[in-house]
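# Inside the fold
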Amino acid sequence: MALKIIDQCISCGACEPECPNGAISEAADIYVIDPDHCTECYGFYATQQCADVCPVESCVMDADYPDTPVALAKKFRTLYPDQEMENTAKWHPPML
Ligand code: SF4
Ligand code: SF4
């Protein structure tokens with residue numbers, strides 16, 4: 001499942017540099033996440049970095065992109081065909 005940013009985002013910008021996939025960008029009113037590049041941080045971190053740093057809890061799971069762990073692994077491999085995955089053993093199931 002990809003994450004999305006909801007309207008309570010205050011556009012602080014804290015999440016953008018934390019995304020290992022460059023999936024976060026500034027839009028007209030709030031920051032946005034490109035679901036094609038969001039792996040829930042799978043392959044890099046044990047937790048979702050954007051959600052971890054957001055001061056107003058605006059990074060949430062996007063039910064429109066219900067990727068399974070296998071699908072997330074495939075997305076990672078598509079983005080990084082030659083890169084070793086890190087921390088997959090610690091990676092936890094998607095947040096509810
Ligand atoms: S969950 Fe991870 S990969 Fe997805 S947008 Fe947030 S920081 Fe980027
Ligand atoms: S960290 Fe949260 S409030 Fe700041 S830009 Fe990202 S989603 Fe918006």
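Read on for a plain summary of the structure. On a predicted model such as this, the values are computed, not experimentally measured, just so you know. (Residues numbered from 1 in each chain as written. Chains lettered and ligands numbered in written order. Predicted model: local features only at pLDDT ≥ 70, side-chain atom pairs only at ≥ 80, totals over all residues.)

### Side note on the overall build of the protein
Scanning the protein from terminus to terminus reveals two helices and four strands. Secondary structure elements of the protein occur, N-terminal to C-terminal, as β-β-β-α-β-α. Here the protein, with 96 residues, has 28% of them falling under the buried criterion. When contacts within the protein are restricted to residue pairs at least 6 apart in sequence, long-range pairs at least 24 apart make up 72% of them. (Helix = DSSP H or I, 4+ residues; strand = E, 2+ residues; numbered from the N terminus. Buried ≥ 20, exposed ≤ 12 C-beta atoms within 10 Å, placed from the backbone. Contact = placed C-beta atoms within 7 Å.)

### What about the site of ligand 2?
Not every one of the 15 residues close to ligand 2 is listed here, only the nearest: Cys-9, Cys-12, Cys-15, Cys-54 and Ser-58. Of the residues in the shell around ligand 2, the class split is twelve nonpolar, three polar and no charged. (Near = placed C-beta within 6 Å. Nonpolar A, V, L, I, M, F, W, Y, C, P; charged D, E, K, R; others polar.)

### Quick word on helix H2 (residues 69–79)
Turning to H2, its buried residues number three or more, namely Leu-72, Lys-75 and Phe-76. Looking straight down H2, one finds that the buried residues subtend no more than 100 degrees of arc, so they occupy a single side. Projecting away from the buried face of H2 at angles above 90 degrees are the exposed residues Val-70 and Thr-78. (Arc of directions from axis to C-beta.)

### Considerations on the environment of Phe-44
When you line up the elements, Phe-44 lands in the loop between strand E3 (31–33) and helix H1 (49–53). Each C-alpha atom of the pair Phe-44 and Met-85 lies 6.4 Å from the other, and the pair is 41 residues apart in sequence.

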